Amino acid sequence: MTLDGPMAVIIGFVRDGGFVMGPLVAATFVLWYALGYRYLTLRRGSRRRLSVLVSDLRSNPNLPVKGMIGHAARLGLRVAAEEQKQTESALDDAFGRFDDDLKRGRMLIKSIVVVAPLAGLLGTVTGMIETFDSLADMALFSQSGGIAGGISQALFTTQMG
């Protein structure tokens, strides 16, 4: 079975890029998953301005809300109505669960963004070493790729990183 089209091109890049490309592709999928999760967590749920949403929730506390901002506004109004003297500390305690959701995936994203270019650089160095090895062996025109194969590997991993 042969693959045609974009999938064949992607598999060709992974194969030609050397040993660094597999982890880079995996890191790319994990990065997009984490970014998608954060986007879905942070989505607003309503196009209304926050002040309009708060005034609507004050007039009708059972108004259905979507998204983190709507739930936080409803919770904040409820806590503010219950706690008259220590509203700020009560709000900090109540919003703690939203803080956990906001922090989820942040370190993973930062780590991948820092490590991926370094992995690409590792692939570049590996490809250049292969190029100079072929020069040292005088295999410039061999079937294994020679200089072109090593430079190609270096460029694929640099591009992916």
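A short tour of the structure in this document, coming up. Since the structure is predicted, the reported quantities are computational estimates derived from the model, not experimental observations.

About the thresholds
- Residues numbered from 1 in each chain as written.
- Predicted model: local features only at pLDDT ≥ 70, side-chain atom pairs only at ≥ 80, totals over all residues.
- Heavy atoms only, no water.
- Core = buried A, V, L, I, M, F, W, Y, C linked by side-chain atoms within 4.5 Å.
- Buried < 20%, exposed > 50% of the residue type's maximum accessible area, 1.4 Å probe, protein only.
- Helix = DSSP H or I, 4+ residues; strand = E, 2+ residues; numbered from the N terminus.
- Contact = heavy atoms within 4.5 Å.
- Patch = residues over 30% accessible without salt bridge, like charges linked within 9 Å, V, L, I, M, F, W, Y side chains within 5 Å.
- Areas by Shrake-Rupley, 256 points an atom, 1.4 Å probe, with all protein chains shown as cover.
- Salt bridge = Lys/Arg side-chain N within 4 Å of Asp/Glu carboxyl O.
- Axes fitted to C-alpha atoms, helices over the stretch in contact; angles between N-to-C directions.
- Parallel < 35°, antiparallel > 145°, perpendicular 65-115°, else oblique.
- Nonpolar A, V, L, I, M, F, W, Y, C, P; charged D, E, K, R; others polar.

### Thoughts on the nonpolar core
Working step 1: By size, the foremost hydrophobic cluster in this structure holds 7 residues: M68, A72, L75, V79, A90, A94 and F98.
Working step 2: Secondary-structure elements contributing two or more residues to this core are α4 (67-82) and α5 (87-94).
Working step 3: Element by element, the count of residues in this core is highest for α4, at 4 residues.
Working step 4: Setting aside residues up to four positions removed in sequence, A90 forms contacts with V79 and E83.

### Concerning a nonpolar patch on the surface
Working step 1: There is a patch of nonpolar side chains on the surface, built from V114, V115, L118, L121, V125 and I129 and spanning about 560 Å² of accessible area.
Working step 2: Inspection of the secondary structure puts L121 in helix α7 (residues 106-136).

### So, the environment of T157
Working step 1: The topology assignment puts T157 in helix α8 (residues 146-160).
Working step 2: A relative accessible area of 0% places T157 in the buried class.
Working step 3: Spatially, the C-alpha atom of T157 lies 5.1 Å from that of G123, the residues being 34 residues apart in sequence.
Working step 4: Excluding its chain neighbours within four sequence positions, the residues that come into contact with T157 are G17, V20, M21, L24, G120, G123 and T124.

### Quick notes on the environment of I151
Working step 1: Along the chain, I151 turns up in helix α8.
Working step 2: For the pair I151 and T131, spaced 20 residues apart in sequence, the C-alpha separation works out to 6.4 Å.

### Observations regarding the packing of α5 against helix α6 (residues 96-103)
Working step 1: At a minimum axis separation of 4 Å, α5 and α6 run at an interaxial angle of 45°. Classified by the angle between their axes, α5 and α6 sit oblique to one another. Facing α5, whose interface residues are D92, D93 and A94, α6 presents G96, R97 and F98.
Working step 2: Across the contact of α5 with α6, the residue classes tally to 2 nonpolar, 1 polar and 3 charged.

Honestly, that's just the spatial picture; any functional story needs more than this.
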